[in-house]
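# Survey of secondary and tertiary structure
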Amino acid sequence: MIQPALIALIRDGETTIYIDPFGSVCFARQLIWGQDALEQWLAGRQPVHQFDTDCEAGAVIDFDAQALLWYSEEEPVDQPRTIQLLDKLIAEAWHGFEILYADGMCDLQIAAGDSISHASQQRLRVVDENADPLEFRSETLDEESPHCEQFDLDDEGERFAWVTILDQDQLIHHRLIGEITSDVIRNEDDPLSRLKSLPAYDVPAEQNVIEAIIVNEPERRIEIWGGRDIRAAAGEMALYWPDWDVECIEANGYEHQCRFSGPTGTPMTAAEALGTLVPMLLMTGNFDPSAMLGELGKSFKGLMAKLVTVVTVLVCLPFVIFALISGNWKAGGITIGVIVALVVITFKLIERKWRRGFAATLSEVHADPAMPDENEPATAGPLDPRQRRQQLDQLLSRAGLPSLAEIEPHFDSDVPMAV
């Protein structure tokens, strides 16, 4: 289920907290319009009196320190280049503010209770020391190995981690894994040998890569780049690879890895990188959980209908064979007819009972007091589609990025759009 988002404003040392009930999805669309639009959007909402630990996204805006700290457990995009361009848009929209990205909601909770600490390298000085930076990663390379032979480099929807190794003989090895696993980061069980034993691949396209490692064995040097949590992974690697120089590449990681390995690869243009992000930023409606449940219900019903059809055919098949061999089509036809009738009646009874239960679930969702008021705007920024497009176009221009007209041919067709 879609989780709430939290926004805390600190002004003159006082903290005011607001909750957006279903705001965790594409939380960034609340930030890219700047502080005035965000405050205007919050003006009609009632503050809450304590930090909600169930939130999965949020921001703390400290007007005293001119700093913005934000976090989203489920970001709208996972491609590093797109994430960098999103950060560029937010930095432009919040001109004059220090923009920080948190490690988790615990950092936001700390900041909401105190003024945001200005920090070096976009990190808070005060963080949750009990948090495991690799908590959400696969533990071992063995867990990823079964998938390593199934990657399709021609599939635009594939996502994987790219590993490039320069060995002692000056030979380049390219490997693909689902993600950089904890045992690789923590240098357990000779990870380089196990990586080399995986299937070889050519250089992948940038659009498919969510994170990557470059290993230079002769120089004992590791470079790592990727999404939001890549700094934490680099920090852990520096601890567990003590005789190696570990560096986190903040920008243009794909181009750097291509230069290191030789081929030019297939880099993304800025317009391509923004194609998955911009449609979500243009959206003005709520993400309705009941609509999501409805779509899931339709899919489930269709799947069950297909399954029942297959089972019915398998049950009737022996009687068809019997009729063919014996020539007694009358008895076989009657038996098959009875079976089909029983299956249809049973399916309809189950469907009726299931639909009643499903309708009750939808009613509970709509009756939930946490559901957003229909009269409240779902998002900050202009609600008129034309005005929203115009202001986003202006923001793109100020940030030195392609216009909407250039980005629109690359819009992700799977993302609902504002029109």
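Presented here is an overview of the structure given in this document. (Residues numbered from 1 in each chain as written. Predicted model: local features only at pLDDT ≥ 70, side-chain atom pairs only at ≥ 80, totals over all residues. Heavy atoms only, no water.)

With respect to the helices and strands, the residue Val184 is situated in helix 5 (residues 182-185). Sequence-wise, Val184 and Leu141 are 43 residues apart; in three dimensions their C-alpha atoms are separated by 7.1 Å. Setting aside residues up to four positions removed in sequence, Val184 forms contacts with Leu141, Pro191, Leu195, Ile213, Met237 and Trp241. (Helix = DSSP H or I, 4+ residues; strand = E, 2+ residues; numbered from the N terminus. Contact = heavy atoms within 4.5 Å.)

Below, the discussion takes up unusual backbone geometry. Its identity as a non-glycine residue notwithstanding, Gln66 has a phi of 55°, on the positive side. As for its placement among the helices and strands, Gln66 is situated in the loop between strand 3 (57-62) and strand 4 (67-72). We classify Gln66 as partly exposed; its relative accessible area is 35%. Positive phi values are uncommon outside glycine, yet Asp190 reaches one of about 50°. Note on placement: Asp190 falls in the loop between helix 5 and helix 6 (191-196). (Buried < 20%, exposed > 50% of the residue type's maximum accessible area, 1.4 Å probe, protein only.)

A few words on the packing of aromatic side chains. Considering all chains together, one arrives at eight aromatic pairs under this definition. An angle of 90° between the planes, with centres 6.0 Å apart, marks the rings of Phe63 and Phe97 as edge-to-face. Taken together, the positions of Phe63 in the loop between strand 3 and strand 4 and Phe97 in the loop between helix 2 (80-93) and strand 5 (98-101) put the pair 34 residues apart, joining distant regions of the chain. Assessed through its relative accessible area of 11%, Phe63 is described here as buried. Here Tyr71 and Tyr101 contribute two aromatic rings whose centre-to-centre distance is 6.0 Å and whose plane-to-plane angle is 50°, an arrangement assigned as tilted. One end of the pair, Tyr71, is in strand 4; the other, Tyr101, is in strand 5, and 30 residues separate them in sequence. Take Tyr101: its relative accessible area is 13%, and that puts it in the buried class. Ring pairing ties together the aromatic residues Phe63, Trp94 and Phe97, which thus form one cluster. The lysine or arginine in question, Arg228, covers the ring of Tyr101, its NZ or CZ lying 4.1 Å from the ring centre. (Phe/Tyr/Trp six-rings, centres within 6.5 Å; stacked < 30°, edge-to-face > 60°. Lys NZ or Arg CZ within 6 Å of the ring centre and 35° of its normal.)

Read these as layout, nothing more, since geometry by itself doesn't imply function.
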